[in-house]
Amino acid sequence: MTELTVTRELHHEPPTSNTSAPRVAPKRDPRVASKHDARATPKSRSGQAPKLELCELGETGDPAAETHSPFCLKVRRAMAAKGLVFTSRRGVAPSDHRTYNPLGQIPVLLVDGEAVYDSTEIVDALETWVPSELTEAERAESVLWEELADTALNGFVVASRWADEENWARVKTRFFADAPAPVRAIVAPMIRRRIVQSLVARDVWKAGPERCWARFEKLLDALERRAPERGGWCSASLGPADFALFGQLQSFRSDLTPSQRDAVERRPRLRAYLDRVDQATRVPSDA
Ligand SMILES: N[C@@H](CCC(=O)N[C@@H](CS)C(=O)NCC(=O)O)C(=O)O
């Protein structure tokens, strides 16, 4: 497939890092351990900050959407929140990065050329370098919310784009914008069929659109009641649950999926929470 290209670099300072650091952050007292201390802690084997490259898809062409991948959004925002510098390796399809991830999925983070894949593994690695300020109990809760975001919420993101008849024409035009006409006409519906089958197998779309979107509304109602009015989802500051929830929920806030976007926007606490995470984790515009 397409050869990958390295694009622009972010402009904030990297910490030094230790790629062989333990994967679970030690229990920390947030009153004494500041973020600044954490950034100073990791040391790389060579004494240099490691080179971080994020394997993802091409730019969206939409200033409101830095990526169409909710999992790349999760990782991008986690890195921005932690002040980590990275470059992007762009591909046309996730499978373009198969050299680094045999599963053919994105995101993949190359750490001095060594691949870490699966967004949860990547965020775990980031947490060992620049830990979020979470107690052990908060960290355990954070794992549960991250799982809910990556599985349940992601099912609805995928359904909104690939299964929902109301959105499909827009999605096809945007996602296959650079594809030759025959690809758009023949390959796009084939990919769609395969993805819808996987949504049926995941029990997201088995009972059809009405049940799917009723479950989505119910889940959003619960998230609206649970959304924190300040701080992060599981603690006073942001952590893995926030990066994961933001990655999926923000992905609905797109003109590709107007009815799902409106469903999120109708919930003021959830909307305010997402705006807060957005502000705190924004990747510089030239990234
Ligand atoms: N569990 C993976 C899921 C990643 C994922 O589903 N990525 C999508 C793009 S947003 C993908 O690569 N899809 C292609 C495929 O699954 O074949 C993670 O957390 O990174």
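Residues numbered from 1 in each chain as written. Predicted model: local features only at pLDDT ≥ 70, side-chain atom pairs only at ≥ 80, totals over all residues.

**Focus on the site of the ligand**
Rules: In this text, near has one meaning. A residue is near a molecule or strand if its C-beta atom, placed using the backbone, is within 6 Å of it. Per the convention used, a helix needs a DSSP run of H or I reaching at least four residues, while a strand needs a run of E reaching at least two, with both numbered from the N terminus. When residue character is reported, Ala, Val, Leu, Ile, Met, Phe, Trp, Tyr, Cys and Pro are called nonpolar, Asp, Glu, Lys and Arg charged, and the others, Gly included, polar.
In the vicinity of the ligand, the contacting residues are Ser 69, Pro 70, Phe 71, Pro 94, Gly 104, Gln 105, Ile 106, Pro 107, Asp 118, Ser 119, Thr 120 and Asp 150. If you list the elements that add at least two residues to the shell around the ligand, you get helix H2 (70-81) and helix H3 (119-129). Here the shell around the ligand is built from residues that sort into five nonpolar, five polar and two charged.

**Section: the packing of helix H4 (residues 136-163) against helix H6 (residues 181-201)**
For the record, the criterion: To obtain an axis, a line is fitted to C-alpha atoms, over the contacting stretch when the element is a helix, and the angle between two such axes runs from 0 to 180 degrees between their N-to-C directions. Put simply, a crossing is left-handed when the front helix is turned counterclockwise from the back one by less than a right angle, and right-handed when it is turned clockwise. What counts as a contact is two residues whose backbone-derived C-beta atoms lie within 7 Å of each other.
One can describe the packing of H4 onto H6 by two numbers: an axis separation of 10 Å at closest approach and a directional angle of 145°. Crossing of H4 against H6: the hand is left-handed. Two secondary-structure elements touch here, H4 through Gly 155, Val 158, Ala 159, Trp 162 and Ala 163 and H6 through Arg 192, Ile 195, Val 196 and Leu 199. Here the residues of the contact of H4 with H6 sort into seven nonpolar, one polar and one charged.

**Quick word on the packing of H2 against helix H8 (residues 240-252)**
Filter applied, for reference: These descriptions rest on fixed angle ranges, namely under 35 degrees for roughly parallel, over 145 for roughly antiparallel, 65 to 115 for roughly perpendicular, and the rest for oblique.
Relative to each other, H2 and H8 sit at 135°, their axes nearing to 8 Å. Considered as vectors, H2 and H8 are oriented oblique to each other. Considering how the two elements wind past one another, H2 and H8 form a crossing that is right-handed. When H2 is examined against H8, the residues Pro 70, Phe 71, Leu 73, Lys 74, Arg 77 and Ala 78 are found in contact with a partner set consisting of Phe 243, Ala 244, Phe 246, Gly 247, Gln 248, Gln 250 and Ser 251. Here the residues of the contact of H2 with H8 are counted per class, giving seven nonpolar, four polar and two charged.

**Some thoughts on helix H7 (residues 209-226)**
Applicable threshold: Here the expected span of a helix is defined as 1.5 Å times the quantity of residues minus one. With C-beta atoms placed from the backbone, a residue counts as buried when 20 or more other C-beta atoms lie within 10 Å of its own, as exposed when 12 or fewer do, and as partly exposed for counts between those limits. What the arc describes is the spread of directions from the helix axis to the C-beta atoms.
The end-to-end C-alpha separation of H7 is 26 Å, in line with the 26 Å expected for 18 residues at 1.5 Å each. Of the positions making up H7, those classed as buried are Cys 212, Phe 216, Leu 220 and Leu 223. Down the axis of H7, the sector holding all buried residues measures 70°, keeping them to one side. Counted as exposed and oriented over 90 degrees from the buried face of H7: Glu 210, Arg 211, Ala 214, Glu 217, Lys 218, Ala 222 and Arg 225.

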